[in-house]
Amino acid sequence: MQRRTLLKAGVAAGLFHIVPRHVLGGPGHVPPSEKIHLALVGCGGRGREVLKDMMTHDDVRAIAVADPARDFSTKSYYYRDAGGRESTRQLIEQRYQPDDAGFRCAAFANFEELLSEVKDLDAIICGTPDHLHAYVSIKSMRAGKHVYCEKPLTHNIWEAREVARVAAETGLATQMGNQGHSSEGMRKTVEWIQAGAVGTVRHVKAWVGAKRWNPTLSGRPTDQEPTPEGLDWDLWLGPREPIAFSSKYFPVAWRDFWAFGNSNIGDFACHDLDAACWALDLKYPTRIEFSPAGTCNADIGPHGCIGYYEFPATAHRAAVKVTWHDGGLLPQLPKQWPKDQKFPSRGVLFEGDEGVLYCGGAGGAPQVVGRPDYTGPEASIPRVASHSRDWLDAIRGGPNTGSNFQYGAKLTELAMLGALSLRTGQAIDWDGPNMTASDCPEATEIIREPYRAAWSLNS
């Protein structure tokens, strides 16, 4: 029986009373007797991967999807999968119809139609391109839905603060999709650093080998291509000004372009600066300076980059410098690094007064360099079963998630500040509390990007 029918039958029989969900544990709380009803918005790449993970939980049922594209393929990209609302609708029905032959998944091109028409919905997974993350997340929270949003949480700094503000106001369960945050390695790294495993940390270095999807382009594509059948391109563009369709943007390679993504720093910083942000409570750097490797202009991000953040001392830690490398660029090898151990192509180094700690990117296991027998302190941070389970338990009234939108916004802002320096071509002197870049007026429209009127977050 569908949940709504079952509830009506129970009331008629006098078996139980309907009480507001907030009485049971918070805004939109779903009691253990009910399945959590999910919808996926953005049916390709990471969105489908998150959905597949969510559907492994017995207390979840995916009931609706939305995507401007009917069908597409990501087989030539990292994901090696199908995409689009129809193939995802079929994926969901194949999951549930063996046990419920009458089950049907609703499918929409327009996400707002999904919100208005699917009444029995608890939560939204946002797997859209980055430029739509804030719009989908805020509209969903204002509609009373819990939200899981892929990283980075937003496309610009103002959006990050707005998403955090709305999440705090609504009290809903939120989670950003930096899955390594929930790993054992991430928690150990934070515990070891905070326990003083390498003394006072002065410098953090993070690196990832990611490069452009479009290695030969030096700007926006200029070739003329027809819009694929079944794709509402204007809907895909969302708040952005209209431009011609190109397969250089869709379905995955949009990350290269500032209008939709934020280059490698936007793609990976929420994974690979997470341990440092958490362990050292990094907020409001005072200076950010990034330099591109290869072509970088107002339209397209670079092949790689090196970037520097300066964080002033606080009452709880010393001043910290953070260096970022991507595109295959690597930091200097620590002198303590074992000569017989290959230097990894991705990772994070914490350089302290008493040694160096290395951890793998995106929540990999830590090791104190040159001290293989170091085991660290007793566990002090609660462990979670998985990143998805952490969110689902919060929906049921459990503790707040680890990468909730308040934390996710702080981490996302670090990524966006790196992108801001690349996009302006300048070092940024950052006034965090006032969200302004001193002596850089061209930063204003990047900190808070313009929206098409019909896509206003205030409407």
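See the structure above.
Residues numbered from 1 in each chain as written. Predicted model: local features only at pLDDT ≥ 70, side-chain atom pairs only at ≥ 80, totals over all residues. Heavy atoms only, no water.

Within the protein chain, the regular secondary structure consists of 14 helices and 17 strands. Compactness check: the protein chain gives a C-alpha radius of gyration of 23 Å against a globular reference of 23 Å for 459 residues, within 12% of the reference. Relative to its 459 residues, the protein chain shows a buried fraction of 57%. Intrachain contacts of the protein chain at a sequence separation of at least 6 include 71% that bridge at least 24 residues. A total of about 19,200 Å² of accessible surface is found on the protein chain, and carbon and sulfur atoms cover 51% of it. Where the 49 positive side-chain charges of the protein chain centre and where its 54 negative ones centre are 2 Å apart. (Helix = DSSP H or I, 4+ residues; strand = E, 2+ residues; numbered from the N terminus. Rg over C-alpha atoms; globule rule 2.2 N^0.38 Å. Buried < 20%, exposed > 50% of the residue type's maximum accessible area, 1.4 Å probe, protein only. Contact = heavy atoms within 4.5 Å. Areas by Shrake-Rupley, 256 points an atom, 1.4 Å probe, with all protein chains shown as cover. Lys, Arg positive; Asp, Glu negative; His and termini not counted. Charge placed at Lys NZ, Arg CZ, Asp CG, Glu CD.)

What follows covers the pattern of salt bridges. This model, assessed by the stated rule, comprises 28 salt bridges. The salt bridge involving Lys410 is made with Asp281; its shortest N-O contact spans 2.8 Å. Here Lys410 is found in helix H13 (residues 405–424), whereas its partner Asp281 is found in the loop between helix H11 (274–280) and strand E10 (287–293), with 129 residues between them in sequence. Of the residues examined, Asp281 reaches a relative accessible area of 49% and is grouped as partly exposed. Overlapping salt bridges, with partners in common, bring together Asp59, Arg389, Asp393 and Arg396 in one network. (Salt bridge = Lys/Arg side-chain N within 4 Å of Asp/Glu carboxyl O.)

Take Glu93: it is sitting in helix H4 (residues 85–96). On the basis of relative accessible area, Glu93 is assigned to the buried category, the value being 9%. Residues Glu93 and Ala106, spaced 13 residues apart in sequence, show a C-alpha to C-alpha distance of 9.9 Å. Ignoring anything within four residues of it in the chain, the contact list for Glu93 reads Pro98, Phe103, Arg104 and Cys105.

Another point: the sheet that holds strand E13 (residues 347–352). On the basis of which strands lie adjacent, the open sheet formed by 9 strands has the order E15-E14-E13-E9-E12-E11-E10-E16-E17 and mixed pairing. The open sheet has two edge strands, strand E15 (366–368) and strand E17 (436–438), and neither has a second partner. With strand direction ignored, the average angle separating the axes of adjacent strands in the sheet is 20 degrees. For E10 and strand E11 (residues 304–311), the ladder comprises 7 bridges, and the chain directions are antiparallel. (Pairing = 2+ DSSP bridges. Axes fitted to C-alpha atoms, helices over the stretch in contact; angles between N-to-C directions.)

Everything listed is a geometric property; what it means functionally is a separate question.
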